[in-house]
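Listed below, chain by chain, are the residues.
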Amino acid sequence: MAASPFRLGWFGNLTTPEWRTGWSTDALNWSDARYYIDMVRDMERAGFDFMMLEDSLMVSDIYAGTAELELKHAMYAPKLDPVPVVSMLAYATEQIGIVATASTTFYPPYLLARTFSTLDHVTRGRVGWNIVTSSEDRAAQNFGMDKLPLHDKRYEIAEEFVEVVDALWNSWDADAIVADPVSGYYADHTKVRPINHKGEHFSVRGPLNTPRSPQGRPVICQAGASPRGRDFAAKNADLLLCIPNGLEGMKEYRDDIRARAEKFGRNPDDIKVFFVVSPIIGRTMDEALAKRDEFMANKQKNYEAQMVHFAAIMEIDFSVLDPDKPIPDDVTTNGHQGTFEGWKQAFGGRTIKDAASQMRVASMELVGTPDHIADEMDKAMEYVGGDGFLFLAQPTSRQYIREITEGLCPALRRRGLIREKFAHKTFRENLSSF
Ligand SMILES: Cc1cc2nc3c(=O)[nH]c(=O)nc-3n(C[C@H](O)[C@H](O)[C@H](O)COP(=O)(O)O)c2cc1C
């Protein structure tokens, strides 16, 4: 491998794949999981470290007070629960890591610890948990609450949640199972302990009834972007997902997270930062540029879909704002605050319509041939210092995945920039192996 290899992850959603072009046969049958199985196999072969599955828990009707446009554009719903799908994806692959999103605001910690411990067992140590605190009152209303707790309060609850979950995962020693026919003991009760947690938000006795899993602690993934979120991520996460703007923003984010990690007594190298990208690939530069023009033209045409999506995740009814004016200063969100601030900064002064139709959910623009993009990614990692990229395509398609896995990944591999193979058995070991 070259001096500075980096890692690749895929942002997956268990939602409708590309259906507008008519090129997809998956528009109606994506939910039987074969589509995702094909996808994860392609990624494993191509050298990806992991596939992450995002999640949310509602059908939004924030935009204009109706779910009509949300369902028309199929942006956030319909969607499947990622947690059970992890088992199928892992069964269909050998070594790639699989990350599922689960919310600390809605899961009880015992159930979450048990579910992810089980997944870690059945995947032989290949699972990760993307910790989210959720960002929509509409989701809260599905769990007996009127509103979500406030943004920073959610992170405070999440801190205690993680403390409980960690204690439960540690409630079984690694050598608790002896399976000794001579003594007649299967498990040694002195190595299995209650946790007796009584905190401000949770009361959990323990121990887990699931033995210690192969990784002990599944890989912890997070995407905090606000100051409070960054602290949470720096303290708890092994793997970070982020969309800072441009090379300077990427470097600032990574340096900041590493400094915060040190403040919490962690080795910053134990945290791997992944930057969201969404490359547009062509056989020639002209072809790639033409594809980008088409992409942007479609975006302008589908401006409404973009706004419906933002309305869902930020719970701001954009339909009542004048699209020909910038976002008024007094508009705030209790949802994705870091994302909202980044968005306002990147497009400050432009009209809402202009900003939304120019919006690319990516840290840097990558347009060109596989070789050109591979060089750009190499240069970016050299400048930023690491650690990897998270590919995001919404909606995605088999055709796009192939462009990445059969076009870009071989170009990266020829340069020694991505892994040839997995040296270890578990996701955690592979993640920290370089
Ligand atoms: C790449 C990426 C993936 C994310 N996936 C989810 C998700 O699946 N579910 C969710 O509720 N939030 C998700 N988020 C939102 C984050 O959890 C977080 O709320 C957001 O980055 C804003 O940070 P803040 O909460 O610190 O303001 C994601 C964010 C990013 C950048």
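Check the entry above for the structure.
First things first, this report covers the structure right here in the doc. These numbers were taken from a predicted model, which means no experiment stands behind them.

1. Observations concerning the packing of aromatic side chains
Between two aromatic rings, the relevant description is the distance of the centres plus the angle of the planes.
Part 1 of the argument: Tallied over the full model, the rule gives 14 aromatic pairs.
Part 2 of the argument: Look at Y35 and Y36: their rings are 4.9 Å apart centre to centre, the planes differ by 75°, and that puts the pair in the edge-to-face class.
Part 3 of the argument: With a relative accessible area of 3%, Y35 lands in the buried category.
Part 4 of the argument: Ring geometry for F161 against F202: centres 5.6 Å apart, planes inclined by 85°, an arrangement best described as edge-to-face. Taken together, the positions of F161 in helix α6 (residues 151–169) and F202 in the loop between β7 (197–198) and β8 (203–204) put the pair 41 residues apart, joining distant regions of the chain. In terms of burial, F161 and F202 fall into one category: buried.
Part 5 of the argument: Ring pairs connect the aromatic residues F116, W129, F161, W169 and F202, which therefore count as one cluster.
Part 6 of the argument: A cation over a ring is seen here: R7 above F434, with NZ or CZ 4.1 Å from the ring centre.
Part 7 of the argument: The side chain of K79 reaches across the aromatic face of Y76, ending 4.3 Å from its centre.

2. A look at the site of the ligand
Part 1 of the argument: Of all residues adjacent to the ligand, which total 22 residues, the nearest are D55, Y155, A223, S226 and G338.
Part 2 of the argument: Take T101: an N or O atom from its side chain is 3.5 Å from an oxygen atom of the ligand.
Part 3 of the argument: One of the side-chain N or O atoms of H151 is found 3.0 Å from an oxygen atom in the ligand.
Part 4 of the argument: Protein contact buries 93% of the 620 Å² of open area that the ligand shows by itself.
Part 5 of the argument: Counting residues per element, the ones that place at least two in the shell around the ligand are β4 (127–132), α6 and α11 (337–346).
Part 6 of the argument: The dominant element in the shell around the ligand, judged by the number of residues it contributes, is α11, at 3 residues.

3. Brief notes about the pattern of salt bridges
Part 1 of the argument: Scanning the model with the defined rule gives 38 salt bridges in all.
Part 2 of the argument: A salt bridge links E376 to K379; the nearest nitrogen and oxygen atoms lie 3.2 Å apart. Of this pair, E376 and K379 both sit in helix α13 (residues 370–384), 3 residues apart, which is roughly one turn of that helix.
Part 3 of the argument: What makes E376 partly exposed here is its relative accessible area of 26%.
Part 4 of the argument: Overlapping salt bridges, with partners in common, bring together R230, D231, E252, D256, R260 and K263 in one network.

4. Focus: the nonpolar core
Part 1 of the argument: L8, W10, F48, F116, W129, M377 and F389 are the most contacted members of the largest nonpolar core, which totals 84 residues.
Part 2 of the argument: Broken down by element, the residue count for this core peaks at 9 residues, all from α6.
Part 3 of the argument: Every residue in contact with F116, bar those within four places of it in the chain, is listed here: V83, A100, A102, V127, G128, W129, W169 and P218.
Part 4 of the argument: Formed by 27 residues, the second largest nonpolar core is a distinct cluster that contains Y63, F310, A312 and I313.

5. Quick notes on the state of the cysteines
Part 1 of the argument: All told, the structure shown has 0 disulfides when counted by the stated rule.
Part 2 of the argument: In this model C221 remains outside any disulfide bridge; the closest cysteine sulfur is found in C242, 11 Å from its own.
Part 3 of the argument: Given the relative accessible area of 0%, C221 is considered buried.
Part 4 of the argument: The class of C242 is buried, set by a relative accessible area of 4%.

6. Details of the packing of helix α7 (residues 227–236) against helix α8 (residues 246–263)
If you want to describe how two helices pack, look at the angle between their axes and the distance between the axes.
Part 1 of the argument: For the pair α7 and α8, interaxial distance at closest approach is 8 Å and the crossing angle is 60°. Comparing their axes, α8 and α7 come out oblique. Considering only the axes of α7 and α8, their crossing is right-handed. Here α7 contributes P227, R230, D231 and A234 to the contact with α8, which in turn contributes E252, Y253, D256, I257, R260, A261 and K263.
Part 2 of the argument: When the residues that make up the contact of α7 with α8 are grouped by side-chain class, the tally is 5 nonpolar, no polar and 6 charged.

Thresholds, definitions, all that
- Residues numbered from 1 in each chain as written.
- Predicted model: local features only at pLDDT ≥ 70, side-chain atom pairs only at ≥ 80, totals over all residues.
- Heavy atoms only, no water.
- Phe/Tyr/Trp six-rings, centres within 6.5 Å; stacked < 30°, edge-to-face > 60°.
- Buried < 20%, exposed > 50% of the residue type's maximum accessible area, 1.4 Å probe, protein only.
- Helix = DSSP H or I, 4+ residues; strand = E, 2+ residues; numbered from the N terminus.
- Lys NZ or Arg CZ within 6 Å of the ring centre and 35° of its normal.
- Near = heavy atom within 4 Å.
- Polar contact = N/O pair within 3.5 Å; in protein donor to acceptor, adjacent residues only side chain to side chain.
- Areas by Shrake-Rupley, 256 points an atom, 1.4 Å probe, with all protein chains shown as cover.
- Salt bridge = Lys/Arg side-chain N within 4 Å of Asp/Glu carboxyl O.
- Core = buried A, V, L, I, M, F, W, Y, C linked by side-chain atoms within 4.5 Å.
- Contact = heavy atoms within 4.5 Å.
- Disulfide = S-S within 2.5 Å.
- Axes fitted to C-alpha atoms, helices over the stretch in contact; angles between N-to-C directions.
- Parallel < 35°, antiparallel > 145°, perpendicular 65-115°, else oblique.
- Left-handed = near helix turned anticlockwise from the far one by under 90°.
- Nonpolar A, V, L, I, M, F, W, Y, C, P; charged D, E, K, R; others polar.

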